[in-house]
Amino acid sequence: MCGFCGYVNKNGIPKQTINEMANKIKHRGPDDDGYFQDENISMGFRRLSIIDLAHGAQPMFGDHETSVLTFNGEIYNYQELQQELISDGQTFNTDCDSEVLVRGYEAWGPDKLLSKVRGMFAFVIYDEKQNQIFGARDHFGIKPLYYYDDGNNFMWASEAKAFLANPNFKKEFNEALLAIHLSFEFIPSAETLFKNVYKVMPGEYFIYKDGHKELHRYYQFNYDHIDHSQTIDGAADEIKKLVAESVKAHMIADVPVGSFLSSGVDSSYVFNEAAKVKPIHSFSLGFNNSKFSELSWSTKFAKEINQENTPLTIDGDDYFNLLPTMMYYMDEPLSNPSAPQLFFLSRGARKDVPVTLSGEGADEFFGGYNTYLEAFTFERYQKIVPSVIRRALGKAASIFPRFHGRRFLIRGAEPLWRRYYRVNYVFDEVDRQKVLKNPALNRDTAKYTKHLFDAVADQDEVTQEQYFDINTWLPFDILQKADRMSMANSLEVRTPLVDKEVAGFASTMPTKTRITFENKQPITKAAFRKAAASQVPKVVADKEKLGFPSPIAQWINDPKYHERIVTAFHSDIAEKFFNVDQLDYILEQHAHGKSSMQKIFTIYTFILWYGVYFPEATNTKYADEVVLTPTDL
């Protein structure tokens, strides 16, 4: 697990710039650093040693030192690929997964190499022979890769903050995307809130040659091969095999591996499978004096399977004091209230292990979110009521004052690509119009992601919603916060359920094996739960999904934290982008019992992020409140 950066050389860039860029992401690799420079490019690397501790230094070179690799991640099938390459005549100087990438590139080229690898990764190879740069990101976006391209300068990095150290990076806020962020809490595309900074998308690679960049898609999750003959029992049996194999593969390391453990089925299942391979230390997070704490569940389960568990706790001061620091390490503003918890969980785990397993991905691939259930209601409504009548009812309902069922009638007249709740996850179009200082910035956020629904328009609504989440919520929220909050603490997090073999089977599962009903009661993740129930106590497998709960909604009303939010909502940043009266109204509504936690938190964290990354444009001192983690000092 590492961090890397690089750029195409330009006149006037000091030679030490590459070192300064790499030091911006020192937290990703505190164990070692390395650099490569020639007349064309500069490459920097920071290493967190996990595999082949003595010989895994980077940049790593291929034949005749004409191919130069920097790599972040883990290739779980590297030993198989190594043997295949040796059979093809390649020679190896190390036993680390990094070398498989550079040798595989030389032997097979980009597409064949990427068709074979299994893992979480982002890497860049400079090919001196062809005078080109090849950069790739893993299938689902577990590991990050950014690039800056303004038409004249080209640079890349594991985290966008590395660009700040390059004098040719022009830092500009991408205001045109503010409405998108307010809708989704992230930017569900290659764009970012920095102008000319882009994400390499999951399953994508780029070639930069002769001043031009080309993007290529090497993998796209799809539902083209659903097997409608599958049963829940049969799917559960296959899931059992896949999860056991994936967890085992994800435990390959030359250092101790731990596991995150909540009270939920996903992390419990992963932890239980890991314990079958070897004893494993688990880590759980709770809140001081709070009903939101899950520690009693997790510690009891760890004890039941005779494994060690370390319970960790935080309070409101911990949480709110961290937020400016969190925005710094996140790179892009993200208002998921569970992100600070992941930071503290990672910080606690890192004291004992450099690698942990985690349970992300099961809900997206196997149908775990309760919001998928509304698809059944809307599909029935659409079958019973003709579209002409639905549109008329929706139009009429929008005119009348609030009444029970009004929202259902309005949404029932809309197509799924506009109706799905994640399209208006935080602020809908009407709310954005009220809150934005410049209403011209408002835009149709549903159209921004309509192409994802179009890609699976022939599937049922549950499948379409899962496809949307796999392509947006999973990489840009769930995996984004997992990577940033763990790597801020120099901890590698591995996600065995976000794996191309596991996902390959999930893509064949019909909806009836993902979500089913017993006695009219819905069961989400039906086949996955059945697989888990055969391995962990039934009370764990059947436990209702809680996500990663926190008392943030209550803390917002606590005078101590409320005052911080009010101050932010009346800052010059707030005045610049938002109607302050409307922000006050949202706070007031929350105080009177109408929960607006996500709206408040989205605005608040955006203000903090802007203050941290654009301190020259504000009178706030949020940048001064960033506390670097020890490996960055």
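None of the values given here were measured: they were computed from a predicted structure. (Residues numbered from 1 in each chain as written. Predicted model: local features only at pLDDT ≥ 70, side-chain atom pairs only at ≥ 80, totals over all residues. Heavy atoms only, no water.)

## Comments concerning the pairing of strand E8 (residues 146–149)
At step 1: Judged by which residues are buried, E8 turns out to be covered on both faces: Tyr146 and Tyr148 on one side and Tyr147 and Asp149 on the other are all buried.
At step 2: With three bridges joining them, E8 and strand E10 (residues 197–199) adopt antiparallel strand pairing. Of the residues in E10, the one forming a bridge with Tyr147 is Tyr198.
At step 3: With four bridges connecting them, E8 and strand E9 (residues 154–157) associate as antiparallel partners. Directly across from Tyr147, in E9, lies its bridge partner Trp156.
At step 4: Between E8 and the antiparallel strand that follows it, E9, lie four residues; Gly151 among them carries a positive phi value of about 90°. (Buried < 20%, exposed > 50% of the residue type's maximum accessible area, 1.4 Å probe, protein only. Helix = DSSP H or I, 4+ residues; strand = E, 2+ residues; numbered from the N terminus. Pairing = 2+ DSSP bridges.)

## Details of the sheet that holds strand E1 (residues 2–8)
At step 1: Taken together, six strands build an open sheet; the order of strands is E2-E3-E1-E9-E8-E10 and the sheet is antiparallel. Only two strands of the sheet have a single partner each, and these edge strands are strand E2 (32–37) and E10. Strand-to-strand twist across the sheet, computed as the mean angle between neighbouring axes with direction ignored, equals 15°.
At step 2: Pairing of E2 with strand E3 (residues 41–47), which is carried by six bridges, proceeds in the antiparallel orientation. Looking at E3, one finds that Gln37 is bridged to Ser42. (Axes fitted to C-alpha atoms, helices over the stretch in contact; angles between N-to-C directions.)

## Side note on a nonpolar patch on the surface
At step 1: Side chains of Val388, Ile389 and Leu393 sit close together on the surface and give an oily, nonpolar patch of about 250 Å² of accessible area.
At step 2: Checked against the element boundaries, Ile389 lands in helix H13 (residues 387–399).
At step 3: With relative accessibility at 43%, the residue Ile389 sits in the partly exposed group. (Patch = residues over 30% accessible without salt bridge, like charges linked within 9 Å, V, L, I, M, F, W, Y side chains within 5 Å. Areas by Shrake-Rupley, 256 points an atom, 1.4 Å probe, with all protein chains shown as cover. Salt bridge = Lys/Arg side-chain N within 4 Å of Asp/Glu carboxyl O.)

## Details of the sheet that holds strand E12 (residues 212–217)
At step 1: Read from one edge of the open sheet, six strands run E4-E5-E6-E7-E11-E12, paired in antiparallel fashion. Edge positions in the sheet fall to strand E4 (60–61) and E12, since each has one partner strand and no second.
At step 2: The pairing of strand E6 (residues 119–127) with strand E7 (residues 132–137) spans six bridges and is antiparallel. By the bridge assignment, Phe123 is partnered in E7 with Ala136.
At step 3: Docked against the sheet, helix H3 (residues 97–108) engages E4, strand E5 (67–75), E6 and E7, running at close to 130° with respect to E5. (Contact = heavy atoms within 4.5 Å.)

## Concerning the pattern of salt bridges
At step 1: All told, the structure shown has 32 salt bridges when counted by the stated rule.
At step 2: Residue Glu245 is joined to Arg118 by a salt bridge in which the shortest nitrogen-to-oxygen separation is 2.8 Å. Here the residue Glu245 occupies a position in helix H6 (residues 232–250), and Arg118 occupies one in the loop between helix H4 (110–116) and E6, the gap between them amounting to 127 residues.
At step 3: The partly exposed category is assigned to Glu245, whose relative accessible area is 37%.
At step 4: For Arg118, a relative accessible area of 9% corresponds to the buried category.
At step 5: Between Asp233 and Lys530 there is a salt bridge; the shortest N-O distance is 2.7 Å. Linking Asp233 in helix H6 with Lys530 in helix H22 (residues 526–533), this pair joins segments that are 297 residues apart in sequence.
At step 6: Residue class for Lys530 comes out partly exposed when judged on its relative accessible area of 43%.
At step 7: Look at the salt bridges and you will find they share partners, linking Arg28, Lys143, Glu159, Lys161, Asp331, Asp483 and Arg484 into a network.

## Brief notes about the UniProt feature "binding site: ATP" (unreviewed entry) in the protein chain
At step 1: Feature annotation in UniProt assigns "binding site: ATP" (unreviewed entry) to the following positions: Ser358 and Gly359.
At step 2: Position of Ser358 among the secondary structure elements: in the loop between strand E16 (355–357) and helix H11 (362–366).
At step 3: Judged by its relative accessible area of 6%, Ser358 falls in the buried class.
At step 4: Setting aside its immediate chain neighbours within four residues, Ser358 contacts Phe260, Val270, Val493, Arg494, Thr495 and Pro496.
At step 5: At 2.6 Å, the side chain of Ser358 and the side chain of Glu360 are in polar contact.
At step 6: Here Gly359 lies in the loop between E16 and H11.
At step 7: The buried category is assigned to Gly359, whose relative accessible area is 11%.
At step 8: The residues touching Gly359, leaving out its near neighbours within four places in the chain, are Asp266, Ser267, Val270 and Leu497. (UniProt positions renumbered as here; feature names shortened; annotations may be inferred. Polar contact = N/O pair within 3.5 Å; in protein donor to acceptor, adjacent residues only side chain to side chain.)

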